[in-house]
Amino acid sequence: MTYVEQIAEDWRSRLKTELPRSSETTRESIVQWLLGDDLDRFETYTAERLDIEVQAMDYRYRILVQRYFETPPQRAYKNLMQRLGSMFVIRNKIHTWIALSRDRQTTVVDVLQEVIQDLLQNDNYMQQQVKWIAECTSDPRLRNAIVLTATEEYCLRPIRNQPLLVYRFVNFQKRTQRGGMTQVPAADFIRLVSEEITSDDAEGTVSLLDGEAIAQFQEAEAQQQQQELRGAIARQFEDYLTEKVGEDAAQWLRFYLQGKTQEAIAQMLDMPIKQVYRLREKVNYHAVRVFAQKSQPELVTEWLGR
């Protein structure tokens, strides 16, 4: 069995387990899309490069199932806008541009939609992807989900420590300085996406098809997801403390996770220091003995062991 045949079989087995309610046709379309149109490339890869390629497929698949698969089209498109707009470097640049523009009614989402529409209409690589996706499936809903997945993955590829979307926004910004913004066609937002872009510095073009870049971005993505998990668990623990111990305990936790000392917390809560220490002991007890037993004990232990 060749490399590509083994990888394909592994994916079929995984999708049958993880997507049991989907039809075999749907699962086969996803496998075909993940493998890509050039299957011969797998036979030329080293073991290291093959591992990177498999990681990249897993990354794209996780994007698909987490945000777009079997999601209504409008909701899926909103998920894409929220995901791209959540990137601080993108949001900050767009906010700055809006603040300096004459149209103060424009929102970050408005600008993002313009940039994505421009990307979809002019990028050769993404146009090739859309064509390939159409060959993989005739199901319009699945095709829409995969196109949105490909758009997110492409926009967030790290190019010199910044998402590709940053470069696209800068290019878009230059082109619209004179003409101003246009309207995004509401019913035609999936028209996608060059193998390289030209930067303004002396290094010239930058390849966008680097599998190692995808692997690196996966690590950053995992870190972000961990941070989001920490925030969610912290909010759950705050609610628990408010109900079981009192609002003072929840406030103590918030200040503590901000890095405040016990003396500073006492001052903020207008409470004697001895009472703050007793409050800390109560929080520790409930965290370790009760809450942590049910939800992410390693995170709670990490907080309190700082």
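Calculation rules
- Residues numbered from 1 in each chain as written.
- Predicted model: local features only at pLDDT ≥ 70, side-chain atom pairs only at ≥ 80, totals over all residues.
- Heavy atoms only, no water.
- Helix = DSSP H or I, 4+ residues; strand = E, 2+ residues; numbered from the N terminus.
- Phe/Tyr/Trp six-rings, centres within 6.5 Å; stacked < 30°, edge-to-face > 60°.
- Buried < 20%, exposed > 50% of the residue type's maximum accessible area, 1.4 Å probe, protein only.
- Expected span 1.5 Å × (residues − 1).
- pLDDT = per-residue confidence, 0-100.
- Contact = heavy atoms within 4.5 Å.

By the naming in an unreviewed UniProt entry, the chain goes by HetZ-related protein 2 and is assigned to Leptolyngbya boryana CZ1.

*Asks:* Talk me through unusual backbone geometry; I want residue IDs and the actual numbers.
*Replies:* Despite not being glycine, E70 shows a phi value in the positive range, around 55°. Mapping E70 onto the fold places it in the loop between α3 (47–68) and α4 (73–85).

*Asks:* Help me get a handle on the packing of aromatic side chains, residues and values and all.
*Replies:* Across all of its chains, the model carries 5 aromatic pairs by this definition. Centroid distance F237 to Y240: 6.2 Å. Interplanar angle 20°. Geometry classified as stacked. With F237 and Y240 both in helix α10 (residues 211–244) and 3 residues apart, the pair spans about one turn of that helix. On the basis of relative accessible area, F237 is assigned to the buried category, the value being 0%. Between W252 and Y256, the ring centres sit 4.8 Å apart and the planes meet at 10°, which makes this aromatic pair stacked. Taken together, the positions of W252 and Y256, both in helix α11 (residues 247–257) and 4 residues apart, correspond to about one turn of that helix. Exposure class is identical for W252 and Y256. Each is buried.

*Asks:* Give me helix α6 (residues 108–122): which residues, what numbers.
*Replies:* Compared with an ideal rise of 1.5 Å per residue, which puts 15 residues at 21 Å, α6 spans 21 Å between its outermost C-alpha atoms and is within 8% of the ideal. Judged by how many residues are buried, α6 sits mostly within the fold: 11 of 15 residues are covered. Along α6, the positions that sit buried rather than exposed are V108, V111, L112, Q113, E114, V115, I116, Q117, D118, L119 and L120.

*Asks:* Describe the confidence of the model for the chain, naming the residues involved and giving the relevant values.
*Replies:* Per-residue pLDDT for the chain averages 77, and the proportion of residues at 70 or more is 73%. Here strand β3 (residues 196–198) stands out as the least confident element of the chain, with mean pLDDT 42; helix α2 (residues 24–35) is the most confident, with 94. Contacts of residues 178–210 to residues separated by more than four positions or lying in other chains number 81 contacts, the stretch itself having pLDDT below 50.

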